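# Structure assessment
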Amino acid sequence: KTMTSLIFMYHDLADCVDSVSAGHKPYVLDADGFALQMALVVRHRLPVVTVAQVSGGYRAERAIALTFDDGHVSNHDLAFPILCEHGFKATFFITAGFIGSGMTMNWGQIRALHAAGMEIGSHTLTHRPPSTLSDEELRQELVKSRQILEDGLGAPVTSISSPTGFFNPRMCAIAREVGYKALCFGRIGLVQTNTDPFSLHRIAVKRTMGQEQFEALLQFDRAVIRGLMLRELVRDLARKTLGPRFYLPLRQALLSRFASK
């Protein structure tokens, strides 16, 4: 059976988005809004799978995967109870070098997710833009992060997601070489049965995504997906032209301006 899946990418949740810094606010979803989205998933009766299942041969006509990047404490405090309420499993990509620091989950919280059947994956060691790293630096980011996570969980870690929008194509080969089984990155698109497990596309769920658009995605609306891909092409051109040094500060300034409106 041919499978078509959509992998959604989340970051932080918050009870009150107004308290979030302006530059980061577009990536922070209101917890009530997330709960409404999960209710829509229930309504559409779609299987909810992990990245390990997507890359490991799971078969359904249509399925979705829920992923969370960075390891923010709200993943445990806010997202986790909502997921458990519906019996959903998700994949949490943890930046291994930040565990227990700032607003990142600690080991007790990460282990609680794992014990409940959630997949824990790597989000590299230090969250540096992969495009700025040499092959050896990339290899260290991938190997050390997985070692920390596996030592802390006492279980295998087989999936990884690329941090920031600055992807390094060499990361695919290195992830395969060092023993991962799946790599997610930020390119928008559907995942098919024959998709390379080291090139898994995702759709970022931001605060600007309305419930109507989210529901259209649950219906695998190709027009909506093409529209998102077109916007992505414009962003990619800006990234390539400006590079991380100039693009990231400009992007932060634009996000802050949007959030302040």
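Not measured: the values here are computed from a predicted model. (Residues numbered from 1 in each chain as written. Predicted model: local features only at pLDDT ≥ 70, side-chain atom pairs only at ≥ 80, totals over all residues. Heavy atoms only, no water.)

### Details of the overall build of the chain
Secondary structure summary: the chain contains eight helices and eleven strands in total. Over its C-alpha atoms the chain spans a radius of gyration of 17 Å, differing by no more than 12% from the 18 Å that the globule rule assigns to 261 residues. Here the C-alpha coordinates of the chain stretch approximately 45 × 40 × 35 Å along the principal axes. Within the chain, the fraction of its 261 residues that count as buried is 49%. Considering only intrachain contacts with a sequence separation of at least 6, the fraction spanning at least 24 residues in the chain is 69%. Approximately 12000 Å² of the chain is accessible, and the part contributed by carbon and sulfur atoms is 54%. Averaged over its 29 positive side-chain charges, the chain has a centre that lies 6 Å from the centre of its 24 negative ones. (Helix = DSSP H or I, 4+ residues; strand = E, 2+ residues; numbered from the N terminus. Rg over C-alpha atoms; globule rule 2.2 N^0.38 Å. Buried < 20%, exposed > 50% of the residue type's maximum accessible area, 1.4 Å probe, protein only. Contact = heavy atoms within 4.5 Å. Areas by Shrake-Rupley, 256 points an atom, 1.4 Å probe, with all protein chains shown as cover. Lys, Arg positive; Asp, Glu negative; His and termini not counted. Charge placed at Lys NZ, Arg CZ, Asp CG, Glu CD.)

### Let's talk about helix 1 (residues 31-44)
In this model, helix 1 (14 residues) spans 20 Å end to end at C-alpha, consistent with the 20 Å of a helix rising 1.5 Å per residue. Buried within helix 1 are the following residues: Ala-31, Gly-33, Phe-34, Gln-37, Met-38, Leu-40 and Val-41. Residue Asp-30 occupies the N-cap position of helix 1, its side-chain oxygen lying 2.9 Å from the main-chain nitrogen of Asp-32. A positive phi of about 55° marks Arg-45, the residue just after helix 1. (Expected span 1.5 Å × (residues − 1). Polar contact = N/O pair within 3.5 Å; in protein donor to acceptor, adjacent residues only side chain to side chain.)

### Here's the deal with helix 3 (residues 74-86)
Owing to its 3.6 residues per turn, the α-helix brings residues three or four apart onto one side. Here helix 3 spans 18 Å end to end across 13 residues, near enough to the 18 Å set by a 1.5 Å rise per residue. The sharpest bend along helix 3 measures roughly 40° and falls at Phe-80, with the proline Pro-81 sitting one to four residues further on. For helix 3, the set of buried residues is Ser-74, Asn-75, His-76, Leu-78, Ala-79, Phe-80, Ile-82 and Leu-83. Turning to helix 3, the residues buried within the fold contact strand 2 (12-14), helix 1, strand 5 (62-70), strand 6 (91-94) and helix 4 (107-115). The positive-phi residue at the C-terminal boundary of helix 3 is Gly-87, with phi of around 70°. (Bend = angle between axes of the 7 residues up to and from the residue.)

### A short note on the environment of His-114
The residue His-114 is located in helix 4 in this model. His-114 gets classed as partly exposed once you look at its relative accessible area, which sits at 31%. Sequence-wise, His-114 and Gln-219 are 105 residues apart; in three dimensions their C-alpha atoms are separated by 30 Å. Setting aside chain neighbours within four positions, we find His-114 in contact with Ile-120, Leu-153 and Ala-155.

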